[in-house]
Every structure is written in structure tokens, then in C-alpha cells.
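Listed here are the chains, written in short residue letters.
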Amino acid sequence: MSRQETTRGRKIVVNEIFGPTIQGEGPSMGRICSFVRLGGCNLTCTWCDTPYTWDWTGQSNEGTAYDPKAELHAMHVVDVADRLRAMDVRLVVISGGEPLQQQQTVTLLCHMLKESGVSVEIETNGTIAPSPALTATQARFNVSPKLRHSGMGPERTVVPVALRALNATGGAAFKFVCRGPADLEEVDAIVARHGLESVWIMPEGQDQETLTRHMSSLADAVVARRWNMSTRIHVQAWGNRRGV
Ligand code: SF4
């Protein structure tokens, strides 16, 4: 029996599937890809740009209480893989929400995509350690630990065992969302304490003016630390539109 037959019954909770589009952030910024955005998150960032994946009570700055019945769709993993493969691109980004809340089914999806020669990147907030089975799929992790301006303290956002496990995969990029140089001191402490290797700084913002202002205030201090920078080119291209 093939893997697809044995896993046909497994379901994954999806918010949206879209593409082809551009990976807007991080080390693969600019690459053509397709996206699957999974539902649910274990954090509650005030400035979250995808509150429709988890915010059923209006906790984020946006203040909208989304309807989980409208936003969450339980789909067969094989059907998700088929939809992503049909877009005829070599890179799939699994985002959220927090994808590692569903890591058993995410692992199946990664296997199916890898068997088709498709590379996978997983966007995660870094609070959940990847299983050995998920790491073995050679998916790459774009890890975005949240700072205090997310509205939560480090007791919720910094999970040492998860950060170390992600760092140990050797394929993780740690992408911190920052608003100005003061945030970099918080990043300094996390990087030093957990020995994080590939550090990326990305300006916070959901419009071009905010992104540019934050980017300008951060650039010199990032270069001085010999870190990497990313912007958010999907915001520059399409603003805050969903599904692109
Ligand atoms: Fe939103 Fe990501 Fe924060 Fe979850 S971790 S609340 S998806 S920004």
C-alpha cells in the first residue's frame, strides 16, 4: 500500500491555500512558491497580520472576532498536497497560525511534497520543538520568536528547548520582527542565550510607509551586528491583501 493510501484519511486544519505567489520574507524572499496557511495559533500577538487564523474573540489590535467555522477547513492531506503541486512551483511555504501545532500531519504533507521534488519551508513562532520525523523531511524552518512588543512576555514566547531543537536542525533561519534599534537589544539577549546561528531582522509593518520607516531605523544597527535583513515584499507588492 502506498504512503498516499495509508494517509488518505488524515486531515489537516487549513485556513487558505494560495499561489503561485512570491515568498515575501526571509532567506528565500523573492522566490516563486505556493502557500498553505494552517489554522490555529498558540500565541496572541497584538500586531498579528493573520488574526483570521486564530482570533475568535477580537484580541488583536485589529479587534475583529473571526468565525472559526468560516476560517478553518479540515482537509485531507493528500488533497492539500495535490492543490499545492498543481501550481507547478518548486517551493511550498507552510505558514499559519502556528503550523507546528499540527506537526504530525505537517510531516505527512512535507513527505508528499518532497517525493514530488518540491522544497518546503515552514514558518513557525519557535515555541514548539519539531519532532525527529519532521526534521527528517529536510523542511527548512523560518523561526520568528516574538519580542515584548507582541504584547506577551518571554515566559510565553521564548521556549528554550524549542529554540535549541530548531537551531540544531542546521536549516533554521531566526527572523525577528523589530520596530527599532531598542528591539535589537532584546534580540541580542535571545541570540546569545540560545546560541542562534542564522539571524534575520525584519521590520514590522503592514503598509509600505511603516515598513520603510522601521527598516531605515534598523539597518545600521543590524549591519553592525553582522546579521541579515529582510523586508516584506508581498506587502510592498500587494499591501495587506489576503491570499497573495
Ligand atoms: Fe499571529 Fe504569528 Fe503571533 Fe500567531 S505567532 S499570533 S500567527 S504573528
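Relevant structure appears above.
The structure presented is a predicted model; accordingly, all values stated were derived computationally and were not measured.

Peer 1: I'm lost on the sheet that holds strand β3 (residues 73-76) in this one. Help?
Peer 2: One key point about sheets: their strands pair by backbone hydrogen bonds, in either a parallel or an antiparallel sense. Taken together, nine strands build an open sheet; the order of strands is β3-β1-β2-β4-β5-β6-β7-β8-β9 and the sheet is mixed. Looking at the sheet topology across the chains shown, the edges are occupied by β3 and β9 (228-229). Looking at chain direction, strand β8 (residues 199-203) and β9 are connected through two bridges and run parallel. The partner of I201 across the bridge, within β9, is M229. Where helix α7 (residues 160-168) meets the sheet, it contacts β6 (140-143) and β7 (172-178), and its direction lies at approximately 130 degrees from that of β7.

Peer 1: What exactly am I supposed to notice about the site of the ligand here?
Peer 2: The full set of residues close to the ligand is C41, L43, C45, C48, T50, W54, G97, N125 and K146. Its residues assigned to classes, the shell around the ligand shows five nonpolar, three polar and one charged.

Peer 1: Help me out: how do you make sense of the pattern of salt bridges in this one?
Peer 2: Pairing is possible between side chains of opposite charge, provided their charged atoms come close. Enumeration according to the criterion identifies 10 salt bridges in this entry. Across the salt bridge formed by R232 and D49, the nearest N and O atoms sit 2.3 Å from each other. Highlighted residues: R232 in the loop between β9 and α10 (233-238) and D49 in the loop between β2 (32-38) and α2 (68-71), separated in sequence by 183 residues. The exposure class assigned to R232 is buried, which follows from its relative accessible area of 6%.

Peer 1: Even after reading the chapter, I still don't get the packing of aromatic side chains, so can you show me in this structure?
Peer 2: How two aromatic rings sit relative to each other is set out by the distance from centre to centre and by the angle between their planes. A complete count under the given rule lists two aromatic pairs for this structure. Pairing F18 with F35 gives two aromatic rings, centres 5.1 Å apart and planes at 10 degrees, and the pair type is stacked. A residue pair is termed long-range when its members are at least 10 positions apart, and F18 in strand β1 (residues 11-22) and F35 in strand β2 qualify at 17 residues. Note on F35: relative accessible area 9%, which makes it buried. Each ring, one from Y52 and one from Y66, has its centre 6.0 Å from the other, and the planes form 75 degrees; the classification is edge-to-face. Here Y52, found in the loop between β2 and α2, pairs with Y66, found in the loop between β2 and α2; they are 14 residues apart in sequence, far enough to count as distant. Exposure class is identical for Y52 and Y66. Each is buried. Across from the ring centre of Y52, 3.5 Å away, lies the NZ or CZ of R242, which sits over that ring.

Reading guide: rules and limits
Residue positions are given per chain, counting from 1 as you read along its sequence in written order. It should be noted that, the model being predicted, local features are given only for residues of pLDDT at least 70 and side-chain atom pairs only at 80 or more, the latter also being counted only at that level, while totals for whole chains, interfaces and linings use all residues. The side-chain quantities take in all heavy atoms of the structure and omit both hydrogens and water. Only strands joined by at least two bridges in the DSSP assignment are considered to pair. The helix and strand labels rest on DSSP assignments: H or I over at least four residues marks a helix, E over at least two residues marks a strand, and numbering proceeds from the N terminus. Residue contacts are defined here by distance: any two heavy atoms, one from each residue, within 4.5 Å place the two residues in contact. Axis definition: a line fitted to C-alpha atoms, over the contacting stretch in the case of helices. Angles run 0 to 180 degrees between N-to-C directions. Throughout, the term near means that a residue has one or more heavy atoms lying within 4 Å of the molecule or strand in question. The nonpolar class holds Ala, Val, Leu, Ile, Met, Phe, Trp, Tyr, Cys and Pro. Asp, Glu, Lys and Arg form the charged class, and all remaining residues, Gly among them, are polar. What counts as a salt bridge is simple: a side-chain nitrogen of Lys or Arg found within 4 Å of a carboxyl oxygen of Asp or Glu. When a residue's accessible area, from a 1.4 Å probe over protein chains only, is under 20% of the maximum for its type it is buried; when over 50% it is exposed; and in between it is partly exposed. The criterion for an aromatic pair is that two Phe, Tyr or Trp rings (for Trp, the six-membered ring) have centres within 6.5 Å, with stacked assigned to planes under 30 degrees apart, edge-to-face to planes over 60 apart and tilted to the rest. As a reminder, the over-ring test applies to NZ of lysine and CZ of arginine, requiring each to be within 6 Å of the ring centre and within 35 degrees of the ring normal.

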